[in-house]
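Listed here are the chains, written in short residue letters.
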Amino acid sequence: MSDEFSRRQFAGLAGLSALGLTAPALAAESAANPVAAASFPDGFVWGTATSSYQVEGAVNEDGRGKSIWDTFSHTPGKIEDGSNGDRANEHYHRYKGDVQLIKDLGAKAYRFSIAWPRIFPDGTGAANPKGLDFYNRLVDELLANGITPYATLYHWDLPQALQDRVGGWRSSDTSKAFGDYAGYVAERLTDRVRNIFTVNEVGRFLYFGYGLGIDAPGLTLPDAEVNQARHHVALGHGLAVQAIRARGRPGTRVGFAENITACVPAINTPENIRATEMATREFNSGFLGVVHEGKYTEGFLQYARAAAPRFTAEELKIISQPIDFVGLNIYAPQYYIVATDRAPGWRPLPMPASFPHMNSEWLRIAPEVIYWAPRIAAKIWNIKDIYISENGTSGEDRIHPDGQIYDLDRIMFLRNYLTQLQRAIAEGAPVRGYFLWSLMDNFEWIFGYGKRFGLYRVDFETQARIPKLSAAFYRDVIARNAIGV
Ligand code: NOJ
């Protein structure tokens, strides 16, 4: 291909201005579109997601306390590109513009998180009303633009003061403090925020932060203490549910967002599907399981043996308070499962090194995971309302000479995952909504700003946001409430 030809091609593409298509234009186009479209149910919630430390910046403003991620990201060697969230996307100041980005997608929902150290700079004790004011402003702006807020209370930015005083989640004092914080927020926001996620991805932040030491607070504790800390998170979730019911507006819906350890049948035989259900239940006993069943499975306790968590019957009751929905963060499958003749009746297969992955190496490309995870979770725990609380991918996202970002890899990923999600829903999986991770590139934890997950590319110097081609893709899906297959 000559330079001349490629230049003209780019010019043509830019001329079509796929990125600039408006919703009515898309609707007209789709009416004449010969591609079959698989629809989502009426009222399906389309949204995007972010979290406080990843986008807000303004870490020293309006009385915010320090979080464990401030400490961790400022510890040399912890973040791949040596960056931190001090500035991030400056969302704290640019939130109005960012709400317009959501609106431009046609998305009607936004999942954000509340920074606990903005509300209680010391974790407990005196509240900082200025911290809450930011979320009041954000929520009002969302509602004024017809976007429904979904708030997460804990997306990993624990007040450093709690880590210092009681060892963070190593102590049930943190569970109690979380309950108090949840009640305080519920009292003040649930007149407008009707959906609350308590905690995000226990499966990751606990093991990575307290076991492997690669997330904040960077501890490498023995299994027994890791399991105990996870139990304290589950207890914190339960206490938060109680507090929201007690102090929030009646009818406030509460759940959590979990990166379920996702199991997929290696080959779809009835035996393997059954085996995959059993494996999913065992692998997730430490959080999803205990929240729904009010007990840890025998398998989990036997496997943990002396390292099993200590708990009381009263705690298990608190942990398993009824909830209104479950959020599943779905990216890559953890295990492919086959049935076995011997106990426990299932076995995970080794993962070949050549399994394809996206730009993040951990993100194996397996669209079927978004079909199986909600279907299996709904079945084994009898869940009636599921949200895909996160799904998306990082990409290279290079800016071409014409100024556009042709993130065809992200579009491929989303198209295939959404096709499988539609299939799950058509077959009866109770999935009510989907939050694409992420609205815009942001601080990707230990990878810093090197991994871009956004529909909008962010220049972290100038803070300019540019829609990627995937923004036009997602806008089309939302406008049609369907995925072209
Ligand atoms: C899940 C986490 O909740 C989110 O914070 C993170 O950025 C995405 N996964 C992508 O890794």
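Residues numbered from 1 in each chain as written. Predicted model: local features only at pLDDT ≥ 70, side-chain atom pairs only at ≥ 80, totals over all residues. Heavy atoms only, no water.

1. Quick look at the packing of aromatic side chains
Point 1. Enumeration according to the criterion identifies 48 aromatic pairs in this entry.
Point 2. On the basis of an interplanar angle of 65° and a centroid distance of 5.1 Å, the ring pair of Phe 120 and Tyr 184 is categorised as edge-to-face. Taken together, the residues span a long stretch of sequence, with Phe 120 in the loop between helix 6 (116-119) and helix 7 (129-144) and Tyr 184 in helix 9 (residues 172-189) at a distance of 64 residues.
Point 3. Judged by its relative accessible area of 7%, Phe 120 is buried.
Point 4. In this structure an aromatic cluster arises from ring pairing among Tyr 53, Trp 69, Phe 72, Trp 156, Phe 443, Trp 445, Tyr 449 and Phe 460. (Phe/Tyr/Trp six-rings, centres within 6.5 Å; stacked < 30°, edge-to-face > 60°. Helix = DSSP H or I, 4+ residues; strand = E, 2+ residues; numbered from the N terminus. Buried < 20%, exposed > 50% of the residue type's maximum accessible area, 1.4 Å probe, protein only.)

2. Thoughts on the pairing of strand 12 (residues 431-437)
Here is the key point about a regular strand: its side chains alternate between the two faces of the sheet.
Point 1. Most of strand 12 sits out of view: six of its seven residues are buried.
Point 2. Where strand 11 (residues 386-391) and strand 12 come together, four bridges link them in parallel fashion. Each bridged residue has a counterpart across the sheet, and for Ile 386 the counterpart in strand 12 is Val 431.
Point 3. Once the chain exits strand 11 it traverses helix 17 (residues 408-426) before rejoining the sheet at strand 12, and the crossover so formed is right-handed. (Pairing = 2+ DSSP bridges. Right-handed = clockwise from strand over helix to strand, strands pointing away.)

3. Quick word on the environment of Gly 433
Point 1. Counting through the fold element by element, Gly 433 comes out in strand 12.
Point 2. For the pair Gly 433 and Ile 386, spaced 47 residues apart in the sequence, the C-alpha separation amounts to 7.4 Å.

4. Points about the pairing of strand 6 (residues 253-258)
Point 1. Most of strand 6 is tucked away: five of the six residues are buried.
Point 2. Bridge analysis of strand 5 (residues 195-200) against strand 6 gives four bridges, and the strand direction is parallel. Opposite Asn 195, over in strand 6, you have Arg 253 as the bridge partner.
Point 3. Where strand 6 and strand 8 (residues 325-329) come together, four bridges link them in parallel fashion.

5. Notes on the sheet that holds strand 8
Point 1. In space, the eight strands of this closed barrel follow the order 2-3-4-5-6-8-11-12, with parallel pairing throughout. Neighbour-to-neighbour, the strand axes of this sheet turn through a mean angle of 25°, independent of strand direction.
Point 2. Strands in contact with helix 10 (residues 202-211) are strand 4 (148-154), strand 5 and strand 6; relative to strand 5, the strand with the most contacts, it is inclined by about 25°.
Point 3. Against the sheet, helix 13 (residues 285-293) engages strand 5, strand 6 and strand 8, with an angle of about 155° to strand 6. (Axes fitted to C-alpha atoms, helices over the stretch in contact; angles between N-to-C directions. Contact = heavy atoms within 4.5 Å.)

6. A word on the nonpolar core
Point 1. If you look at the biggest cluster of nonpolar residues, it comprises 144 residues, and the most contacted ones within it are Trp 69, Ile 114, Trp 116, Tyr 154, Trp 169, Leu 421 and Tyr 434.
Point 2. Ile 114 has contacts with Ser 52, Ile 119, Tyr 135, Ala 151, Thr 152, Leu 153, Asp 157, Tyr 181, Val 185 and Leu 189, leaving out every residue within four places of it along the chain.
Point 3. With five residues, the next largest nonpolar core counts Cys 263, Ala 275, Ile 337 and Trp 346 among its residues. (Core = buried A, V, L, I, M, F, W, Y, C linked by side-chain atoms within 4.5 Å.)

7. What about helix 16 (residues 369-381)?
Point 1. The first and last C-alpha atoms of helix 16 sit 18 Å apart over 13 residues, in line with the 18 Å expected at 1.5 Å per residue.
Point 2. All of the buried residues along helix 16 are Val 369, Ile 370, Tyr 371, Trp 372, Ala 373, Pro 374, Ile 376, Ala 377, Ala 378 and Trp 381. (Expected span 1.5 Å × (residues − 1).)

8. Some words on the site of the ligand
Point 1. Of all residues adjacent to the ligand, which total 13 residues, the nearest are Gln 54, His 155, Glu 390, Glu 444 and Trp 445.
Point 2. Separating an oxygen atom of the ligand from a side-chain N or O atom of His 155 is a distance of 2.8 Å.
Point 3. Relative to its free-state accessible area of 300 Å², the ligand is covered by the protein chains to the extent of 99%.
Point 4. For the shell around the ligand, the per-class residue count stands at six nonpolar, four polar and three charged. (Near = heavy atom within 4 Å. Polar contact = N/O pair within 3.5 Å; in protein donor to acceptor, adjacent residues only side chain to side chain. Areas by Shrake-Rupley, 256 points an atom, 1.4 Å probe, with all protein chains shown as cover. Nonpolar A, V, L, I, M, F, W, Y, C, P; charged D, E, K, R; others polar.)

9. Section: the packing of helix 16 against helix 17
Point 1. Between helix 16 and helix 17, whose axes approach to 7 Å, the crossing angle comes to 35°. Of the two possible hands of crossing, helix 16 and helix 17 adopt the one that is right-handed. Counted together, Val 369, Ile 370 and Tyr 371 of helix 16 and Tyr 417, Gln 420, Leu 421, Arg 423 and Ala 424 of helix 17 form the full contact between these two elements.
Point 2. Here the contact of helix 16 with helix 17 is composed, by residue class, of six nonpolar, one polar and one charged. (Left-handed = near helix turned anticlockwise from the far one by under 90°.)

10. Some words on the confidence of the model for the protein
Point 1. Within the protein, residue pLDDT values average 94, and 93% of them lie at 70 or more.
Point 2. Confidence drops under pLDDT 50 across residues 1-23; counting only partners more than four residues distant or on other chains, this segment forms 22 contacts. (pLDDT = per-residue confidence, 0-100.)

11. Side note on the sheet that holds strand 9 (residues 335-339)
As a general point, the strands of a sheet are linked pairwise by backbone hydrogen bonds and lie either parallel or antiparallel.
Point 1. Read from one edge to the other, the open sheet built from three strands follows the order 7-9-10, with strand pairing classed as mixed. Among the strands making up the open sheet, the edge pair consists of strand 7 (263-265) and strand 10 (346-348). Adjacent strand axes in the sheet meet at a mean angle of 40°, parallel and antiparallel pairs treated alike.
Point 2. For strand 9 and strand 10, the ladder comprises three bridges, and the chain directions are antiparallel. Looking at the pairing, Ile 337 lines up with Pro 348 of strand 10.
Point 3. Along the sheet, helix 12 (residues 270-283) makes contact with strand 7, strand 9 and strand 10, crossing strand 9 at roughly 125°.

12. A word on unusual backbone geometry
Point 1. Omega for the peptide link from Ala 216 to Pro 217 comes to 5°, which places this bond in the cis form.
Point 2. Its location among the elements puts Pro 217 in the loop between helix 10 and helix 11 (223-247).
Point 3. In this structure, Ser 438 follows Trp 437 across a cis peptide bond, with omega equal to 10°.
Point 4. Counting through the fold element by element, Ser 438 comes out in the loop between strand 12 and strand 13 (456-458).
Point 5. Backbone geometry places Arg 305, a non-glycine residue, at a positive phi of 45°.
Point 6. A residue is classified by how much of its surface remains accessible, and Arg 305, at 69% relative accessible area, is exposed.

13. Quick word on the side chain of Glu 277
Point 1. Structurally, Glu 277 can be placed in helix 12.
Point 2. For Glu 277, the side chain forms a polar contact with the side chain of Lys 379, separated by 3.2 Å.
Point 3. With near-sequence residues (within four places) excluded, Glu 277 lies in contact with Ile 376, Lys 379 and Ile 380.

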